[in-house]
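Analysis of the macromolecular model
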Amino acid sequence: MMILLKIPFDKCIVEQARRGAALGPDAIQKECENYFQFPKVNWFDVKVTDDFYETARNIEKAFSENKDVIASVGGDNSVSYGLMK
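Residues numbered from 1 in each chain as written. Predicted model: local features only at pLDDT ≥ 70, side-chain atom pairs only at ≥ 80, totals over all residues. Heavy atoms only, no water.

1. With respect to the sheet that holds strand β1 (residues 2-6)
Sheets are built from strands paired through backbone hydrogen bonds, the pairs being either parallel or antiparallel. Spatial ordering of the open sheet is given by β2-β1-β3, a layout of three strands whose pairing is parallel. Sheet topology places β2 (41-45) and β3 (69-73) at the edges, where each strand pairs with a single neighbour. The sheet shows a mean angle of 25 degrees between the axes of neighbouring strands, taken without regard to direction. Two strands pair when backbone bridges link them, and β1 and β2 are joined in this way by five bridges, in the parallel orientation. Looking at β2, one finds that Leu 4 is bridged to Trp 43. Across the sheet, helix α1 (residues 24-35) lies against β1, β2 and β3, angled at about 165 degrees from β2, the strand it touches most. (Pairing = 2+ DSSP bridges. Helix = DSSP H or I, 4+ residues; strand = E, 2+ residues; numbered from the N terminus. Axes fitted to C-alpha atoms, helices over the stretch in contact; angles between N-to-C directions. Contact = heavy atoms within 4.5 Å.)

Structure, rendered in structure tokens:
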């Protein structure tokens, strides 16, 4: 089973007008389910909080619990910390 992580996080974008990355994962999932057939793919929601480090730990935890993760969608550039760690 392949897993796509959904990370709805954009708290590190200072300018309110530039936010929107948090809306991306649900929109991407909806479009994929409407137009593409992904066999054996589960979407996994990462628990996101206002605390950057807690969110990074939740991303790490999602990877450790789901060994078949193939990609992540959503999030601003700060989520890369948790993904790379």
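The structure having been displayed, the exposition proceeds.
2. Section: the side chain of Asp 10
Relative to the helices and strands, Asp 10 is located in the loop between β1 and α1. One polar contact links the side chain of Asp 10 to the main-chain amide nitrogen of Ala 21, over a distance of 3.5 Å. Within polar-contact distance, the side chain of Asp 10 engages the backbone nitrogen of Ala 22 at 3.4 Å. In contact with Asp 10, other than residues within four places in its own chain, are Arg 19, Gly 20, Ala 21, Ala 22 and Asp 76. (Polar contact = N/O pair within 3.5 Å; in protein donor to acceptor, adjacent residues only side chain to side chain.)

3. Some points on α1
Turn by turn, an α-helix covers 3.6 residues, leaving residues three or four places apart pointing in a common direction. Compared with an ideal rise of 1.5 Å per residue, which puts 12 residues at 16 Å, α1 spans 16 Å between its outermost C-alpha atoms and is within 8% of the ideal. Among all positions of α1, only Gly 24, Pro 25, Gln 29 and Cys 32 are buried. The buried residues of α1 occupy one face: seen down the axis, they fall within an arc of 125 degrees. Structural note: α1 exposes Lys 30 and Tyr 35 on the side pointing more than 90 degrees away from its buried face. Buried positions along α1 lie against β1, β2 and β3. (Expected span 1.5 Å × (residues − 1). Buried < 20%, exposed > 50% of the residue type's maximum accessible area, 1.4 Å probe, protein only. Arc of directions from axis to C-beta.)

4. Details of the side chain of Lys 6
Note that Lys 6 resides in strand β1. The exposure class of Lys 6 is buried, given its relative accessible area of 5%. Of note is the side chain of Lys 6, whose polar atom sits 2.6 Å from the side chain of Gln 29. One polar contact links Lys 6 to Asp 45, side chain to side chain, over a distance of 3.1 Å. Apart from the residues lying within four places of it in its own chain, the contact partners of Lys 6 are Pro 25, Asp 26, Gln 29, Trp 43, Phe 44, Asp 45, Val 46 and Val 73.

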